[in-house]
Amino acid sequence: QHLYTLTLDWPVFVMSLSVVIITGLAIGLLPALQASSPALVQALKADPASQGRRSRLRNIFLVAEVGLSVVLLVSAGLLMRSVHTLRWNPGFDAEHVVLFRMKPRWSGYDRSAAAAYFERVRRRVESLAEVQSVAFARLPPALRLTVPVSVPMGASAASEGTLRAGGNIVTSGFFETLNIPLVRGRAFDDRDQRAGATSVVVNQALADRLWPNRDPVGETISVNGKPHEVIGVAVYNDLPVGEAPAPFVFRGDSSAAIESGRLLVRVKGDPALALPLVRGQILAVDPSVAVAEALPLTRLVENHHAEVPLAMRVASFAGGLALLLSAIGLYSALALSVSQRTREIGIRMALGGQSASVVALVLRQGMTPALLGLGAGVFAAV
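A. How the structure looks around the sheet that holds strand E2 (residues 131-136). Across the sheet, which stays open at both edges, the four strands sit in the order E2-E10-E1-E11 with antiparallel pairing between neighbours. Since the sheet does not close on itself, it has two edges, and those belong to E2 and strand E11 (290-296), each with one partner. Neighbour-to-neighbour, the strand axes of this sheet turn through a mean angle of 20 degrees, independent of strand direction. Sheet strands in contact with helix H4 (residues 111-126) are strand E1 (97-103), E2 and strand E10 (262-267), and its direction is about 165 degrees off that of E2. Across the sheet, helix H9 (residues 297-304) touches E1, E10 and E11, and the angle it forms with E11 is around 90 degrees.

Written out as C-alpha cells, the structure reads:
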C-alpha cells in the first residue's frame, strides 16, 4: 500500500496565495475604479454601444467558464473509466481472489517450523468448499522484483545482452489462481518445487525479445547469474492497461515464495464474504500467528495505483465546482442583462409582445454562450 506524507509544499502555497491575491485585486479593484469615475453622459444617454461591449466581454468569460468545466468533467469521466479498468482488467484476473499475509516469525517460528505451518495452512484452506485454488507468492501480482536476465553465450537467441525484467517467485497453482493463460509449455507443478529447482515461466514480451523466431520452451535463460530452464510462456502484463507489456519472469522456488507468507486464494463467490471463512481456517492452525494483510486483490490493485482514483476525485471536485461557478456566472449575467433591458421589455409587452417571446429572447441570450462554451470544451477535451 502507498504511504503519502502530508506536508505543506511552500512553493505551491505561495503560488496559490499569489493567484488568490491577484485575482481578488483584479476582481475588486477594476469595478471599484470604474465606479469611482463614472461616465455620466454615457450613463444618462444609456449608450447601447458601451453596454454591448460589456455584454460581449461577459459572454467571453462565460464561454471560457463553461468550456473549462466541460474539460474537467470529461477528464474526471476518463479517470473513472481508468479506475474501473485498473480494478477489473489489471493484466490478470484479480476478481474473486483474496490475499492474506501471515507472519509466523513474529510468533517465534524458525524457518523449518514456518514452512510446516504454511503447509498446514494450505491444506486447511484448500479443504473449504468455497475455495477453487491457492498459491503462495513472494510478492502480490501488483508488485514486481527487478532481476537481470540474459541468454548464455552460444545460445540461439536474439543478441540482447542483459535485460532488466520484472520478476516474482511463486508456487504451483499461481497461474490457475490468477487465471493467467499459458500459450506454450506448462505451469509449475511439484517437480519444480523441490529445493534447487531451476524452472522459470517467462511472459510473451520476454519470449518475443529473446526468442523472436523460435519456441522458448526448453531454452536456458540466466536469471540473477544462474541458469534456468524455460518451461512455459504466459500472457502476463503487470503494468497498467494501455502500456506495452514489459519483460517478466516467474521462478518456481517454493521455499522462497512461501517465506514471504503471502497467500493468494481464488474463491467461488464474493471475496468480501469469503475473507472471514479463509481467515478462520488460518487462525485454526495457530491463532497466535499474526495475519498482517487480509483483503480482496482488487483493492490491493487500487491501492497500488492510488494516484489514479486520487486524481479522479480531484478532477471530479474541480469539474463540479467549475460547473457550479459557470451556472452562477450565467445566471448573474442573465439577471444583469434583464435588469438593464427592463424598459425595453416593458415597451415590447406594451406593444403587444407575448411573454413566451420575451422568455425565448432571454433563453437565447443565455444559451448562446453556454453552447459555444460546450463546443469549445468538447473540442479541447478531445
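B. Highlighting the pattern of salt bridges. The tally for this structure, following the rule as stated, stands at 13 salt bridges. Of the charged contacts in the structure, one is a salt bridge between Asp189 and Arg191, with a shortest N-O distance of 2.6 Å.

C. Structural view of the packing of H4 against helix H8 (residues 271-285). At a closest axis distance of 9 Å, the pairing of H4 and H8 adopts a crossing angle of 140 degrees. If you check the angle between H4 and H8, you find them oblique. The crossing of H4 and H8 is right-handed. Contacts between H4 and H8 pair Tyr117, Arg120, Val121, Arg124 and Val125 from the former with Val278, Gln281, Ile282, Ala284 and Val285 from the latter. Looking at side-chain class alone, the contact of H4 with H8 contains seven nonpolar, one polar and two charged residues.

D. Fine view of the nonpolar core. Phe174, Phe175 and Phe250 are the most contacted members of the largest nonpolar core, which has 25 residues in total. Counting residues per element, the ones that place at least two in this core are E1, helix H5 (174-177), strand E8 (226-234), strand E9 (248-252) and H9. Looking at this core element by element, the count peaks at three residues for H9. Residues contacting Phe250, with those up to four places away along its chain left out, are Asn168, Val170, Phe174, Phe175, Phe188, Ser199, Val200, Val201 and Tyr236. Residues Val98, Ile258, Val265 and Val278 belong to the second largest nonpolar core, which totals 24 residues.

E. Seen up close, helix H12 (residues 355-381). Taking 1.5 Å per residue as the helical rise, H12 with its 27 residues ought to reach 39 Å, and the 38 Å between its terminal C-alpha atoms agrees with that figure. Here H12 has its buried residues at Val358, Leu361, Gly366, Pro369, Ala370, Gly373 and Gly377.

F. View of the side chain of Thr171. One can find Thr171 in the loop between strand E4 (163-170) and H5. At 3.0 Å, the side chain of Thr171 and the backbone nitrogen of Phe136 are in polar contact. Discounting residues that sit within four places of it in the chain, Thr171 has contacts with Arg122, Ala135, Phe136, Gln193, Ser254, Ala257 and Ile258.

G. Quick look at the packing of helix H10 (residues 307-340) against H12. Interaxial distance between H10 and H12 falls to 10 Å at its minimum, and their mutual angle equals 145 degrees. Pair H10 / H12 crosses with right-handed handedness. Packed against H10, whose contacting residues are Leu330, Leu334, Ser337 and Val338, the element H12 presents Val362, Gln365, Gly366, Pro369 and Ala370 at the interface. For the contact of H10 with H12, the per-class residue count stands at six nonpolar, three polar and no charged.

H. Fine view of the environment of Val285. The residue Val285 is located in helix H8 in this model. As a C-alpha pair, Val285 and Arg124 span 161 residues in sequence and 8.0 Å in three-dimensional space. Apart from residues lying up to four places away in sequence, Val285 is in contact with Tyr117, Arg120, Val121 and Arg124.

I. Structural detail: the environment of Val151. Here Val151 shows up in the loop between strand E3 (145-150) and E4. Along the primary structure Val151 and Thr162 are separated by 11 residues, whereas in three dimensions their C-alpha atoms are 7.8 Å apart.

J. How the structure looks around the pairing of E9. Burial analysis of E9 places five of its five residues in the buried class, which makes it a mostly covered element. Side chains Phe248, Phe250 and Gly252 of E9 all project onto a buried face; the interleaved residues Val249 and Arg251 project onto the opposite face, where all are buried too. With five bridges connecting them, E4 and E9 associate as parallel partners. Opposite Gly167, over in E9, you have Val249 as the bridge partner. Pairing between strand E6 (residues 199-203) and E9: three bridges, direction antiparallel. Residue pairing in the sheet places Val202 in a bridge with Val249 of E9.

About the cut-offs
- Residues numbered from 1 in each chain as written.
- Predicted model: local features only at pLDDT ≥ 70, side-chain atom pairs only at ≥ 80, totals over all residues.
- Heavy atoms only, no water.
- Pairing = 2+ DSSP bridges.
- Helix = DSSP H or I, 4+ residues; strand = E, 2+ residues; numbered from the N terminus.
- Axes fitted to C-alpha atoms, helices over the stretch in contact; angles between N-to-C directions.
- Contact = heavy atoms within 4.5 Å.
- Salt bridge = Lys/Arg side-chain N within 4 Å of Asp/Glu carboxyl O.
- Parallel < 35°, antiparallel > 145°, perpendicular 65-115°, else oblique.
- Left-handed = near helix turned anticlockwise from the far one by under 90°.
- Nonpolar A, V, L, I, M, F, W, Y, C, P; charged D, E, K, R; others polar.
- Core = buried A, V, L, I, M, F, W, Y, C linked by side-chain atoms within 4.5 Å.
- Buried < 20%, exposed > 50% of the residue type's maximum accessible area, 1.4 Å probe, protein only.
- Expected span 1.5 Å × (residues − 1).
- Polar contact = N/O pair within 3.5 Å; in protein donor to acceptor, adjacent residues only side chain to side chain.

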